[in-house]
Amino acid sequence: MNDERTITAIRNRNEAAINEVITKYSKLLWSVAGAVLNNMGSTQDVEECVADTFIYLWEHPEKYNSQRGKLKTWLSIIARTQAVNRCREIAKQNIIPLEESDFVDQLGIVDTFLEAETRRALLAAVNALGEPDREILIRRYYYDQKPKEIALALDMSVKQVDNRLYQTKLKLRELLSN
């Protein structure tokens, strides 16, 4: 079956057509979602993203446009989007209070010893940062994620992540030196 006939069959609620798509593209979508969720999500998260992709196709077959590309490509984009959204959910659930000393010790903004007042000022400054700067800083210096991983999780370029890290560290240094 070609893509247009498959979509037409799915629009007509032909379960055999959706089952054929699931059989044909499950491995591909599993690898797409798995690559995004690597080191962050579980097998269940990947499975959910793939299942959600097929549910989206079943519920919205009219959104596929054969003029813009193949069904395989469209499903891969949906699976990637599902996985990126799942990464964001996981990151929100894994936010650790900034009062933990490990985070402050790893920032490298001040020397090895931070006085209690300086520590409070630093925590207040980090908490005052807007998103995504705060999340980027925490991912980099608390979770020890590489800029490439952060960029993938936040759907940004590595250059944007590096620039935001640089600007955020300058801002924190300036705030702490006053």
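Quick summary incoming for the structure in this document. The structure presented is a predicted model; accordingly, all values stated were derived computationally and were not measured. Sequence order as written defines the numbering, with residues in each chain counted from 1. In keeping with the model being predicted, local features are shown solely for residues with a pLDDT of at least 70 and side-chain atom pairs are shown and tallied solely at 80 or more, while totals for entire chains, interfaces and linings include all residues. Only hydrogens and water are set aside; all other atoms, that is, all heavy atoms of the structure, feed into the side-chain values.

### Some remarks on the nonpolar core
Stage number 1. Buried residues of nine kinds, namely Ala, Val, Leu, Ile, Met, Phe, Trp, Tyr and Cys, make up a nonpolar core once their side-chain atoms join them within 4.5 Å. Categorising residues by exposure relies on relative accessible area from a 1.4 Å probe, with only protein chains included: less than 20% of the type maximum marks a residue as buried, more than 50% marks it as exposed, and the intermediate range marks it as partly exposed. The biggest cluster of nonpolar side chains holds 27 residues, and the ones touching the most others in it are Val21, Leu57, Leu71 and Leu75.
Stage number 2. Helix and strand definitions follow DSSP, with helices as H or I runs of at least four residues and strands as E runs of at least two, each counted in order from the N terminus. Breaking this core down by element, the ones donating at least two residues are α1 (3-11), α2 (15-37), α3 (43-59) and α4 (71-93).
Stage number 3. Every residue pair with non-hydrogen atoms within 4.5 Å of one another is taken to be in contact. Contacts of Leu71, omitting those with residues within four sequence positions, involve Asp3, Thr6, Ile7, Val21, Tyr25, Leu57 and Tyr64.
Stage number 4. Counting residues in each nonpolar core, the second largest holds 14 residues, with Leu122, Leu137, Tyr141 and Val161 among its members.

### Concerning the pattern of salt bridges
Stage number 1. Salt bridge criterion: a side-chain nitrogen from Lys or Arg within 4 Å of a carboxyl oxygen from Asp or Glu. Inspection of the entire model under this criterion finds six salt bridges.
Stage number 2. Between Glu89 and Arg86 there is a salt bridge, with the nearest N and O atoms lying 2.8 Å from each other. Highlighted residues: Glu89 and Arg86, both in helix α4, separated by three residues, approximately one helical turn.
Stage number 3. A residue is classified by how much of its surface remains accessible, and Arg86, at 17% relative accessible area, is buried.
Stage number 4. For the salt bridge of Asp133 with Arg164, the shortest nitrogen-to-oxygen distance reads 2.7 Å. Remark: Arg164 occurs in helix α9 (residues 158-177) and Asp133 occurs in helix α7 (residues 133-141); sequence separation between them is 31 residues.
Stage number 5. Overlapping salt bridges, with partners in common, bring together Asp45, Arg86 and Glu89 in one network.

### Details of α4
Stage number 1. Under the 1.5 Å per step criterion, the end-to-end length of α4 is 33 Å for 23 residues, consistent within 8% with the ideal 33 Å.
Stage number 2. Those residues of α4 lying buried are Leu71, Trp74, Leu75, Ser76, Ile78, Ala79, Ala83, Val84, Arg86, Cys87, Ile90 and Ala91.
Stage number 3. Structurally, α4 contributes buried residues whose contacts are with α1, α2, α3, α7 and α8 (147-154). The span expected for a helix works out to 1.5 Å for each residue beyond the first.

### Quick notes on the packing of aromatic side chains
Stage number 1. Each Phe, Tyr or Trp ring, with Trp reduced to its six-membered ring, pairs with another whose centre is within 6.5 Å; inter-plane angles below 30 degrees give stacked pairs, above 60 give edge-to-face pairs, and intermediate values give tilted ones. Enumeration over the complete set of coordinates arrives at two aromatic pairs.
Stage number 2. Plain terms: the ring middles of Tyr56 and Trp74 are 6.1 Å apart, the flat faces sit at 45 degrees to each other, and that makes the pair tilted. Highlighted residues: Tyr56 in helix α3 and Trp74 in helix α4, separated in sequence by 18 residues.
Stage number 3. Tyr56 gets classed as partly exposed once you look at its relative accessible area, which sits at 25%.
Stage number 4. According to the relative accessible area criterion, Trp74 is buried, its value standing at 16%.
Stage number 5. Feature note: the residues Tyr56, Tyr64 and Trp74 constitute an aromatic cluster, connected by ring pairs.
Stage number 6. Just above the ring of Trp58 sits the side chain of Arg13; from NZ or CZ to the centre is 4.6 Å. Ring-over charges, as used throughout, are those where CZ of Arg or NZ of Lys falls within 6 Å of the ring centre and within 35 degrees of the ring normal.

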